[in-house]
2 protein chains.
Amino acid sequence: MHQTFNAALEINLLHANQTGADHNRAHFDEWGITCLNLMSSPGAGKTVLLERTLFTLKQELKMAVIEGDMTTELDADRLRQYGAPVIAINTGRSCHLDSQMVSGGIHTLAQTYNPLEFDLVFVENVGNLVCPAEFEVGEHAKVALISVTEGEDKPLKYPIMFQEADCLLITKTDLVPYLEFDMQRLESNVRQMNPQVTIIPLSAKTGEGLEQWFDWLRTQI
Amino acid sequence: MHQTFNAALEINLLHANQTGADHNRAHFDEWGITCLNLMSSPGAGKTVLLERTLFTLKQELKMAVIEGDMTTELDADRLRQYGAPVIAINTGRSCHLDSQMVSGGIHTLAQTYNPLEFDLVFVENVGNLVCPAEFEVGEHAKVALISVTEGEDKPLKYPIMFQEADCLLITKTDLVPYLEFDMQRLESNVRQMNPQVTIIPLSAKTGEGLEQWFDWLRTQI
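The model shown is predicted, which means the values in this text are computed figures rather than measured ones. (Residues numbered from 1 in each chain as written. Chains lettered and ligands numbered in written order. Predicted model: local features only at pLDDT ≥ 70, side-chain atom pairs only at ≥ 80, totals over all residues. Heavy atoms only, no water.)

Quick word on the overall build of chain A
Scanning chain A from N- to C-terminus turns up eight helices and seven strands. For 221 residues, the compact-globule estimate of 2.2 N^0.38 gives 17 Å, and the C-alpha radius of gyration of chain A, at 17 Å, lies within 12% of that figure. Seen through its C-alpha atoms, chain A measures out along the principal axes to roughly 50 × 50 × 30 Å. In chain A, which comprises 221 residues, the proportion classed as buried is 60%. Intrachain contacts of chain A at a sequence separation of at least 6 include 73% that bridge at least 24 residues. Per element, the accessible surface of chain A, about 8400 Å² overall, is 48% carbon and sulfur. One finds the centroid of the 16 positive side-chain charges in chain A at a distance of 5 Å from the centroid of its 30 negative side-chain charges. (Helix = DSSP H or I, 4+ residues; strand = E, 2+ residues; numbered from the N terminus. Rg over C-alpha atoms; globule rule 2.2 N^0.38 Å. Buried < 20%, exposed > 50% of the residue type's maximum accessible area, 1.4 Å probe, protein only. Contact = heavy atoms within 4.5 Å. Areas by Shrake-Rupley, 256 points an atom, 1.4 Å probe, with all protein chains shown as cover. Lys, Arg positive; Asp, Glu negative; His and termini not counted. Charge placed at Lys NZ, Arg CZ, Asp CG, Glu CD.)

Section: empty space enclosed by the protein
If you walk through the whole model with that rule in mind, you get three cavities of 30 Å³ or more. Put simply, the largest cavity is a space of about 70 Å³. Taken together, 15 residues line the largest cavity, and the ones lying closest to its centre are Ser 147, Thr 149 and Glu 150 of chain A together with Thr 149 and Glu 150 of chain B. When its residues are assigned to classes, the lining of the largest cavity shows three nonpolar, eight polar and four charged. (1 Å grid on protein atoms, 1.4 Å probe; cavity = no way out; pocket = protein on both sides within 12 Å on 5 of 7 lines; lining within 4 Å. Points joined across faces, edges and corners; volume = space filled by probe spheres on them. Nonpolar A, V, L, I, M, F, W, Y, C, P; charged D, E, K, R; others polar.)

Some points on the relation of the copies chain A and chain B
The transformation that overlays chain A on chain B combines an axial shift of 0.0 Å with a rotation of 180°, and the residual RMSD is 0.0 Å. Given the turn and translation reported, the copies of this chain are related as if by a two-fold rotation axis. A shared interface surface links the copies, since 100% of the contact residues of chain A are contact residues in chain B too. (Least-squares fit on C-alpha atoms with pLDDT ≥ 70 in both.)

Observations regarding the packing of aromatic side chains
Summed over all chains, the structure comprises five aromatic pairs over all chains. With 5.9 Å between their ring centres and 15° between their planes, Trp 213 of chain A and Trp 216 of chain A make a pair best called stacked. Highlighted residues: Trp 213 of chain A and Trp 216 of chain A, both in helix H8 (residues 210-220), separated by three residues, approximately one helical turn. Relative to Phe 118 of chain B, the ring of Tyr 113 of chain B has its centre 6.0 Å away and its plane inclined at 90°; by these criteria the two rings are edge-to-face. (Phe/Tyr/Trp six-rings, centres within 6.5 Å; stacked < 30°, edge-to-face > 60°.)

Points about the sheet that holds strand S7 (residues 198-201) of chain B
All names here are of chain B. Taking strand neighbours across the sheet as the criterion, the seven strands line up as S3-S2-S4-S1-S5-S6-S7 in an open arrangement whose pairing is parallel. The outermost strands of the open sheet, each flanked by one partner alone, are strand S3 (86-90) and S7. Averaged over all pairs of adjacent strands, the angle between strand axes in this sheet comes to 20°, irrespective of strand direction. Across five bridges, strand S2 (residues 63-69) lies against strand S4 (residues 120-124) in parallel orientation. Looking across to S4, one finds that Glu 67 is bridged to Glu 124. Relative to S4, helix H2 (residues 46-56) is tilted by about 160°, and along the sheet it contacts strand S1 (34-39), S2, S4, strand S5 (141-147) and strand S6 (167-171). Against the sheet, helix H4 (residues 99-112) contacts S2, S3 and S4, and its axis sits at roughly 150° relative to S3. (Pairing = 2+ DSSP bridges. Axes fitted to C-alpha atoms, helices over the stretch in contact; angles between N-to-C directions.)

Topic: the sheet that holds strand S4 (residues 120-124) of chain A
Residue and element names in this part refer to chain A. The strand order across the open sheet formed by seven strands is S3-S2-S4-S1-S5-S6-S7, and the pairing between neighbours is parallel. Among the strands making up the open sheet, the edge pair consists of strand S3 (86-90) and strand S7 (198-201). Neighbour to neighbour, the strand axes of the sheet diverge by 20° on average, direction disregarded. Of the pairings in the sheet, the one linking strand S1 (residues 34-40) to S4 comprises five bridges and is parallel in character. Residue Leu 38 lies in a different strand from S4, and its bridge partner there is Glu 124. Contacts between H8 and the sheet are confined to S1, S4, strand S5 (141-147), strand S6 (167-171) and S7, with S7 contributing the most and set at about 150° to the helix.

Let's talk about unusual backbone geometry
The backbone of Lys 172 of chain A sits at a positive phi, close to 60°, despite the residue not being glycine. Its location among the elements puts Lys 172 of chain A in the loop between S6 and helix H7 (183-193). Positive phi outside glycine occurs at Thr 72 of chain B, with the angle close to 75°. Here Thr 72 of chain B lies in the loop between S2 and helix H3 (74-80). Looking at Thr 72 of chain B, the relative accessible area reads 25%, which means it is partly exposed.

Quick notes on the pairing of S6 of chain A
All names here are of chain A. Most of S6 sits inside the fold, with five of its five residues counted as buried. Burial of the side chains of S6 extends over both faces: Cys 167, Leu 169 and Thr 171 are buried on one face and Leu 168 and Ile 170 on the other. Sheet analysis places S5 next to S6, joined by five bridges and oriented parallel. Its bridge partner being in S6, Ser 147 is matched across the sheet by Thr 171. Across four bridges, S6 lies against S7 in parallel orientation. The residue of S7 that forms the bridge with Ile 170 is Pro 201. Read as a crossover between parallel neighbours, the route from S6 over H7 to S7 is right-handed. (Right-handed = clockwise from strand over helix to strand, strands pointing away.)

Focus: the packing of helix H2 (residues 46-56) of chain A against H8 of chain A
All names here are of chain A. Where H2 contacts H8, the axes come no closer than 11 Å and their chain directions differ by 70°. As the angle between them shows, H2 and H8 are arranged roughly perpendicular. Across from Leu 49, Arg 52, Thr 53 and Thr 56 in H2, the residues of H8 making contact are Leu 210, Trp 213, Phe 214 and Leu 217. Tallied by class, residues from the contact of H2 with H8 come to five nonpolar, two polar and one charged. (Parallel < 35°, antiparallel > 145°, perpendicular 65-115°, else oblique.)

So, the environment of Phe 135 of chain B
Within the element layout of this structure, Phe 135 of chain B appears in the loop between S4 and S5. As for Phe 135 of chain B and Asp 98 of chain B, which are separated by 37 residues in sequence, their C-alpha atoms are 5.8 Å apart.

Here we look at helix H4 (residues 99-112) of chain A
Residues and elements named next belong to chain A. For H4, spanning 14 residues, the distance from its first C-alpha to its last is 20 Å, which sits close to the expected 20 Å at 1.5 Å a residue. Within H4, the full set of buried residues consists of Ser 99, Met 101, Val 102, Ser 103, Gly 105, Ile 106 and Leu 109. Measuring from the side-chain oxygen of the N-cap residue of H4 to the backbone nitrogen of Gln 100 gives 3.1 Å; that N-cap residue is Asp 98. (Expected span 1.5 Å × (residues − 1). Polar contact = N/O pair within 3.5 Å; in protein donor to acceptor, adjacent residues only side chain to side chain.)

As structure tokens, this is what we get:
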């Protein structure tokens, strides 16, 4: 996270955020909703994954998305085509969603729809492999994505995201033939940071791994 | 940047950073060194670009690197093979280099070598398309990288980095044949944020664009 003037200030900031996250989670629990926080570098494929998910599971699950971006509703508009409610949050200069911003999204959702009808709310975080990992937003599980083009060393260099993740999706596997990329080395670096995490290699383009992702989602409901 | 308690605190943080950046730049100017700040998402290719640059220009320019990573010296060790001094800075939980950290790197460099001998110091920032753009470190120019796998919409969604850049490198162009990627659309989105920026598409793998990058570097000395 950003350097702050002193350790006490940093703790206060994270503490205030945690209180808000607990409040958000209490709402989700009251409504019987599972909330998942999707995080990755920009362009790792969070939005296309949500497109595939909203399309494939729309008969099975009632889903909504809280969509975080610094500016624009480009991603929100992409997802709205699939019929699920999408609440867009523009963070301005902020590098991550915090629990207060997500609280605004939750209350908008609950005012516009009957929250008791929903099974699953995805929070798509700002594309950033560092900061979002430290700010809980009230999710029940954290999903991190890393694309094969980012390289095998990233779990060692950006440890917090990989330590915090409950599920790690290794995306864009269709590009592996064109890269010098070692899947086993990436997985071994991930395990070094987090022995328990569920790892699913997938390609939204070819469909590889999507069934495994949907199965993991079903275990979270 | 991270949310802070109030606007005054944010301004103080950036103001303190700016004072440090000006101090660093005064040192560089005194020693006749050009300093460039390299920034991008994780895995966009900053380190491999520096590898190619240190290798190709080593007879022509005296270079050094200040290498920022949250943890590890993996990238620093890669670069040390090329013979140039590499000062590694681990930022811990921090999502960007600030001017105080870089000041430490500069003073280490000046204590170990004769700073008057150097032409060019690269600062390789933490992989993050958001936060580093707001924290000047004393550089004379900012170089942003975006890989073709990240998508054409990124300049619209992460505007600050693209507005701040003096030179934008579009990396991994060797992968274009395997993607649905429109170079003209990316360039047009970049121009919308920053009409003046120098744009160089390149591939460290095939060498495309590297000569143009070296030529741009020479204009900065």
